Protein chains: 4
Amino acid sequence: MPNGVMKVETLSRREREKLRQRQEMLNAALQLFTEKGYHNVSMHEIAGKAEFAIGTLYKFFRNKEDLYRALVLEQSDKLHVALATAIGEPEDEIEKLNNYIRVKGEFFRDNYAMIRIYFAESHGLSFNLMAGLDAELRERYERFLALLASVFEGAMKRKRFRRIAEPYHLAVALDSMVNAFLFLWLTNPDRLHGPEVPGAILDIFSKALISS
Amino acid sequence: MPNGVMKVETLSRREREKLRQRQEMLNAALQLFTEKGYHNVSMHEIAGKAEFAIGTLYKFFRNKEDLYRALVLEQSDKLHVALATAIGEPEDEIEKLNNYIRVKGEFFRDNYAMIRIYFAESHGLSFNLMAGLDAELRERYERFLALLASVFEGAMKRKRFRRIAEPYHLAVALDSMVNAFLFLWLTNPDRLHGPEVPGAILDIFSKALISS
Amino acid sequence: MPNGVMKVETLSRREREKLRQRQEMLNAALQLFTEKGYHNVSMHEIAGKAEFAIGTLYKFFRNKEDLYRALVLEQSDKLHVALATAIGEPEDEIEKLNNYIRVKGEFFRDNYAMIRIYFAESHGLSFNLMAGLDAELRERYERFLALLASVFEGAMKRKRFRRIAEPYHLAVALDSMVNAFLFLWLTNPDRLHGPEVPGAILDIFSKALISS
Amino acid sequence: MPNGVMKVETLSRREREKLRQRQEMLNAALQLFTEKGYHNVSMHEIAGKAEFAIGTLYKFFRNKEDLYRALVLEQSDKLHVALATAIGEPEDEIEKLNNYIRVKGEFFRDNYAMIRIYFAESHGLSFNLMAGLDAELRERYERFLALLASVFEGAMKRKRFRRIAEPYHLAVALDSMVNAFLFLWLTNPDRLHGPEVPGAILDIFSKALISS
DNA sequence: GATGAATGAGTTTTCATTCAT
DNA sequence: GATGAATGAAAACTCATTCAT
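Computed from a prediction, not measured in an experiment: that's the story for all the values here.

Let us now look at the protein's contact with DNA strand E. Every one of the 29 residues lining DNA strand E counts as a neighbour, but Met43 and Tyr58 of chain A, Thr56 of chain B, Lys64 of chain C together with Thr56 of chain D are closest to it. Those atoms of DNA strand E that come within 4 Å of the protein belong to sugar or phosphate at a rate of 58%. Residue Ala53 of chain B places a main-chain N or O atom 3.1 Å away from a phosphate oxygen belonging to DNA strand E. Between a phosphate oxygen of DNA strand E and a main-chain N or O atom of Met43 of chain C, the distance comes to 2.9 Å.

Structure follows, in structure tokens:
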């Protein structure tokens, strides 16, 4: 069962309280990690910001690494659930892609802090901050790429798209472009306005995929 | 004087020796940083691996940050010089792009360790490991993007390419795709063979840019 | 709140315990500093001698400098409070001077270790061990000299003493002599017995100040 | 033979050159020690300021301690030779004392830098910066005190001074007062003008020693 | 004989983690 | 069950001293 996805009503008051505390700790940690980086944040600092004693923090997370893992994995799950939904809902493939870009953009906008951590980790850019974390994230990411590839595959089968490349490669290409454009938008808003992102990307892809 | 660009013959034996030592230190550091991450590598460890005393390491680099900076900036310069040459030489635009992808691929293959550090830093994924480093790298990267954009611009002016998007946006799109494919190739060689990379990418781009 | 001036009964057991620990650390530090000198004593050594972990030492004193400052300032305050009382209580001026010499002597005897540090610092002999420390001590010292000078001033106004020199200069002269004699007594007890000190000094001063 | 006191003409060119180099090193060291304190000056810094290689510095002084010793002892010798001469020349005792105060004042004025080091060391205020140094200096100092005491002794024998205290104690008293006044003059020139020093001190002493 | 590159022991300080209260 | 005082391993960095050139 994905972390933290559980019917809330079944939890006792005690358990709900615990979950809330855990969330507060994770929020404090997220904020500090994004501001200052994993190694420049101390457990004391996190406990202080979350307004718990250091011992209490250690009751919830075995050690600093454990806390970090939980943080990254939960956010990653949130993103991938959102993306899967975004892709699943519409009928038309172009509409699926459009939806996926929009939802990813919203997530980036709302979780910019987290996003940077996620990328550093999932794309192997993090100096192996945590052994194995990349692998777990990479796996989640690959599942998503497969889903995206299946969209291309479907559209090709139905002759909606030309088979100009492997579906998986197209998925890689599209996702990397979306990331690049979203980063561009978030870091250089004057270079690229948010609403332009889907159009700019889809222009390129549809010009290539749909014979005129 | 540009970093490391100097006629080797003009150096005294002493100077050449120094340069060699410096290189050994940087190599040891690079290997350790990539294996374990900046914060998980101690100066003692680097000195040990390079087989120098800790004091000697500090003769060459004022502090750990200085060492890291040197590492990243030198590699970044090497890459960008190579890319600029690759783009500059051919006449035909498709050939320029082809050349750029090939050279970048070679650099990735030969410097995989470094590449990961470079990306983390230049794409703002590094939690501000070093104040200002990202800015310096970002600037170098932007200069390169402008060069790449000028290739699209030129080809559009000459009607070789359709104006399906801003040249700068196309540069961003292309570069992000190249990175994604190269990472795919290096991390999942079974998913994508090296020689296929240029073709796969150029297929998409030329289908989109050149009206059939 | 003045340093260390607080009704002891108002402190909780916890607080009293803390104060005791702090004292133990300061005592260990004082002993080591006097034996080996500030720069020849490491924080580890102090922690070891006080039988605390190094981390605990740093809980009480932000850094080595902070520890040293506390040491010197606390003792200086103790001395000056004692001297001010000694001078304030008697009516007769000769009695005031007598009292001051006696009290200072007792303090020297009981805190010989500290005294040497105090002198080095307050008389500018410390090579600026700590920026500003001398200034702070010098200021306390000047306040004391002014008090001592006022004794001479008063006695002169009442014609008890001849005005053979500026009151402030007499204060300087007297205090330096007292220090010299006390050091002589403490380092060469065979040259000068403790009980002789006040007499020896007051002989000189009264012969000069009181016309026969 | 006291350090460095030797007929210069008897030295070969080589030897004279060496002595000059040695002096340059000591001068550089003196300046740095006084500015920053023994422990805050590195041997490299001294070598650098004196414009010699570090190895050359070590040819002249076995180690840092040795260099420091040489520095302090030479200066101490210079002072004591000057004082002995000042006391020896005049016939009259008051004139001797006057001369001694004047010469000591000139030395303080010209060597303020050194003076502070000398005091810290010779008065045991230096945290035993160097084991044994204080003893050596103390011995020189005691020789001087004996000389000064003999002046009082002589004058008492000749009934020029009243025997109000032990001659040795008077020597201690006078010297401590001279030091105090000279420090006052050098650190607070507005509190006490240089030329006033001898008068202020002798006023007190002659009032006490010479019956009116 | 002079040089200065190389050495590594030693210093201050931080912070993850434990455990008695 | 929560707390936070105490711990001590480990890190970055300095500098007196040596010795090959």
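Surveying the vicinity of DNA strand F reveals 29 residues, the closest of which are Thr56 of chain A, Lys64 of chain B, Thr56 of chain C together with Met43 and Tyr58 of chain D. Each atom of DNA strand F within 4 Å of the protein was classed as base or backbone; sugar and phosphate made up 59%. Within the backbone of Gly55 of chain A, an N or O atom sits 3.1 Å from a base nitrogen of DNA strand F. In this structure, a phosphate oxygen belonging to DNA strand F sits 2.8 Å away from a side-chain N or O atom of Lys64 of chain B. Broken down by secondary-structure element, the contributors of at least two residues to the surface near DNA strand F are helix 3 (54-60) of chain A, helix 2 (43-50) and helix 3 (54-60) of chain B, helix 3 (54-60) of chain C together with helix 2 (43-50) and helix 3 (54-60) of chain D. With 5 residues, the top contributor of residues to the surface near DNA strand F is helix 3 of chain C.

Okay, the pattern of salt bridges next. Scanning the model with the defined rule gives 62 salt bridges over all chains in all. The salt bridge partner of Arg163 of chain C is Glu153 of chain C, with a shortest N-O separation of 3.5 Å. Here Glu153 of chain C lies in helix 7 (residues 133-157) and Arg163 of chain C lies in the loop between helix 7 and helix 8 (167-187), a separation of 10 residues in the sequence. When the shortest N-O distance is used, the salt bridge between Glu142 of chain D and Arg138 of chain D registers 3.0 Å. On the criterion of helical spacing, the pair formed by Glu142 of chain D and Arg138 of chain D is a turn pair, its members being 4 residues apart in helix 7 (residues 133-157).

Least-squares fitting of chain D to chain C yields an RMSD of 0.6 Å, with the superposition described by an axial translation of 0.1 Å and a rotation of 178°. Here the copies are linked by what is in effect a two-fold axis. Using C-alpha coordinates, one finds that chain D approaches the rotation axis most closely at Ala208 of chain D, a distance of 2.2 Å. A share of 98% of the interface residues of chain D reappears at the interface of chain C, consistent with the copies meeting face to face through the same patch.

Taking 1.5 Å of rise per residue, 14 residues should cover 20 Å, and helix 9 (residues 196-209) of chain D covers 20 Å from first to last C-alpha, within 8% of that figure. Of all the positions in helix 9 of chain D, only Val197, Pro198, Ala200, Ile201, Leu202, Ile204, Phe205, Ala208 and Leu209 of chain D are classed as buried.

Even without being a glycine, Lys159 of chain C presents a positive backbone phi close to 60°. Mapped onto the elements of the fold, Lys159 of chain C is located in the loop between helix 7 and helix 8.

Once that is clear, we can look at the interface of chain D and chain C. Each partner contributes to the interface: chain D provides 40 residues, whereas chain C provides 41 residues. At the boundary of chain D with chain C, total buried surface from both sides reaches about 3,700 Å², with 64% on carbon and sulfur atoms. Taken together, chain D and chain C are joined by 0 salt bridges. Mapped by element, the contributors of at least two residues to the side of chain D that touches chain C are helix 1 (13-36), helix 6 (112-122), helix 7, helix 8 (167-187) and helix 9 of chain D. The dominant element in the side of chain D that touches chain C, judged by the number of residues it contributes, is helix 8 of chain D, at 11 residues.

Taken together, the contact between chain A and chain B spans 40 residues of the former and 41 residues of the latter. At the boundary of chain A with chain B, the tally comes to 0 salt bridges. Across the chain A-chain B interface, the total number found is 2 residue pairs in polar contact (both at pLDDT 80 or more). Listed by contribution, the elements that provide at least two residues to the side of chain A that touches chain B are helix 1 (13-36), helix 6 (112-122), helix 7 (133-157), helix 8 (167-187) and helix 9 (196-209) of chain A. In terms of residue count, helix 8 of chain A provides more of the side of chain A that touches chain B than any other element does, 11 residues in total.

Quick look at the relation of the copies chain A and chain B now. Superposing chain A onto chain B takes a rotation of 177° plus a shift of 0.2 Å along the axis, which leaves an RMSD of 0.6 Å. When you check the interface residues of chain A against chain B, 98% turn up at the interface there too, and the contact is symmetric in its surfaces.

Further remarks concern the environment of Ala149 of chain C. Residues and elements named next belong to chain C. Looking at the element boundaries, Ala149 is found in helix 7. Given a relative accessible area of 10%, Ala149 falls into the buried group. Between the C-alpha atoms of Ala149 and Glu166, which are 17 residues apart in sequence, the distance is 8.5 Å. Setting aside its immediate chain neighbours within four residues, Ala149 contacts Pro167, Tyr168 and Ala171.

Residues and elements named next belong to chain D. Where helix 5 (residues 93-110) meets helix 9, the axes come as close as 10 Å, and the angle between the chain directions of the two elements is 145°. Remark: the crossing between helix 5 and helix 9 carries right-handed chirality. Between helix 5 and helix 9, the residues in contact are Ile94, Leu97, Asn98 and Ile101 and Val197, Pro198, Ile201, Leu202 and Ser206, respectively. In terms of residue class, the contact of helix 5 with helix 9 is made up of 7 nonpolar, 2 polar and no charged.

Scoring rules and cut-offs
- Residues numbered from 1 in each chain as written.
- Chains lettered and ligands numbered in written order.
- Predicted model: local features only at pLDDT ≥ 70, side-chain atom pairs only at ≥ 80, totals over all residues.
- Heavy atoms only, no water.
- Near = heavy atom within 4 Å.
- Polar contact = N/O pair within 3.5 Å; in protein donor to acceptor, adjacent residues only side chain to side chain.
- Helix = DSSP H or I, 4+ residues; strand = E, 2+ residues; numbered from the N terminus.
- Salt bridge = Lys/Arg side-chain N within 4 Å of Asp/Glu carboxyl O.
- Least-squares fit on C-alpha atoms with pLDDT ≥ 70 in both.
- Contact = heavy atoms within 4.5 Å.
- Expected span 1.5 Å × (residues − 1).
- Buried < 20%, exposed > 50% of the residue type's maximum accessible area, 1.4 Å probe, protein only.
- Buried area = accessible area lost by both parts, 1.4 Å probe.
- Axes fitted to C-alpha atoms, helices over the stretch in contact; angles between N-to-C directions.
- Left-handed = near helix turned anticlockwise from the far one by under 90°.
- Nonpolar A, V, L, I, M, F, W, Y, C, P; charged D, E, K, R; others polar.

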